[in-house]
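# Tertiary structure, described
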Amino acid sequence: MQSEDPVPTSKRSRPPVVAVTGAASGLGRAFLTKVASSADFRRVVAIDEQRGDVPDVTWRVIDVRDPLLANRISDIDVLVHLSVDYTLGADPAERRAYNLRAAQTVLTASAAARVRRVVLVTSAMVYGAAPDNPVPLPEDSAVAAESDTGVVGDHLEIEALVRRSLRSHPGLDVTVVRPATVVGPGIDNVLTRHFESPRLLTVKGCTPRWQFCHVDDLVSALELAALGTVSGVVAVGGDGWLEQEQVEEISGLRRLELPAGLTFGTAQRLHRIGVTPAPATDLHYVVYPWVVDCAALREAGWRPLWTNEATFKQLLELRGGRHTVVGRRLSGKEATLTAAGATVAVLGTAAIVRAARKKRRT
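In this report, we go over the structure that sits alongside the text.

The rules behind each value
- Residues numbered from 1 in each chain as written.
- Predicted model: local features only at pLDDT ≥ 70, side-chain atom pairs only at ≥ 80, totals over all residues.
- Heavy atoms only, no water.
- Phe/Tyr/Trp six-rings, centres within 6.5 Å; stacked < 30°, edge-to-face > 60°.
- Helix = DSSP H or I, 4+ residues; strand = E, 2+ residues; numbered from the N terminus.
- Buried < 20%, exposed > 50% of the residue type's maximum accessible area, 1.4 Å probe, protein only.
- Arc of directions from axis to C-beta.
- Contact = heavy atoms within 4.5 Å.

Let us now look at the packing of aromatic side chains. One pass over the structure, following the stated rule, counts six aromatic pairs. Ring geometry for Phe-212 against Phe-312: centres 5.4 Å apart, planes inclined by 10°, an arrangement best described as stacked. Of this pair, Phe-212 sits in strand E10 (residues 212–214) while Phe-312 sits in helix H11 (residues 308–317), and the two are 100 residues apart along the sequence. A relative accessible area of 1% means that Phe-212 is categorised as buried. In this structure Phe-312 comes out as buried when scored by relative accessible area, which is 0%.

This is how it looks when you write it as structure tokens:
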């Protein structure tokens, strides 16, 4: 029997209160700026170790790793965790310790504070890059990346934390957003640095496909995740992909093709002696395909504002005349040396290796 009185609006049907960690800079600031003016959220709370410059939000200054975080989010419905450190050249152990402690504290504090939903960002790199990957990879594909000391290993560990948290706190809704290669102002990673090289490394017998995710599109996908429009595992990136030939035509860069054994073996040696910031396994992502199908977002009506071509063109504009070899930025003198030969464009060159060894001896 239905009551004649109108049913009062439940608390859950009201626009949610959203909190953003890492809100003072980077992706956190970009997302905060977007939701601060959105009528879909009742209130926006910004969490960081220092107060940022985005107005019309509630700032709460606290280290996201502090166990007291639970006390600061007791009035929150949704928490979007963007306080991560993927700085190239950072000490791998310190970087991973920060990222895991931050994610663990956010998940535990959210469960304790009865936050309804947590949104975290990892990467589509967790699917792994392999010559026989289907193009595109379905969202429910197995996680097949190789764990290492690089940022891919951080992503894998964070997702393992999520799985454990879901078992420990079954009432907590966690959405994991996995973007393709993220591009935008201020974005710096091994994949974007690949296009600062004088040549584009390829492996004989394999053709990479390139999919990008502009930071604007990542922000809009995060907004849908925060609202609960999409949930679970959500891949995000541009529609389709660019073939290697298209990348070369747009960039004006030529490829340098080498055998896989030489490529990865030399890159690993360079990483071992400290010449390059990322392990050799990160090179898999520039020579093998790992394009993702963004089915959940597409079914929710989401469409990227940026095409892969437009995003790639912005990436080229953002290079700023920098020169990079295997993820390592070169000084002006080193860049001149490396431009002298094709092999340099790939694996760093004997000149860089000798310089590194000489520096260690002095």
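The next point concerns unusual backbone geometry. Residue Pro-136 follows Val-135 across a cis peptide bond; omega there is 5°. One can find Pro-136 in the loop between strand E5 (117–121) and helix H4 (151–168). In this structure, Asp-56 takes a positive phi of about 60° despite not being glycine. Secondary-structure assignment places Asp-56 in the loop between strand E2 (43–48) and strand E3 (58–61). Residue Asp-56 is classed as exposed on the basis of its relative accessible area of 73%. Notably, Arg-114 is not glycine yet its phi reads approximately 60°, a positive angle.

Attention now goes to helix H7 (residues 244–251). Of the positions making up H7, those classed as buried are Gln-244, Val-247, Glu-248 and Ser-251. Seen from one end, H7 has its buried residues packed into an arc of 95°, which puts them on one side. Lining the buried residues of H7 we find strand E8 (199–203), strand E9 (209–210), strand E12 (242–243), strand E13 (254–258) and H11. Looking at the residues trailing H7, positive phi occurs at Gly-252, about 80°.

So, to be careful, I would describe these as geometric facts and stop short of saying anything about function.
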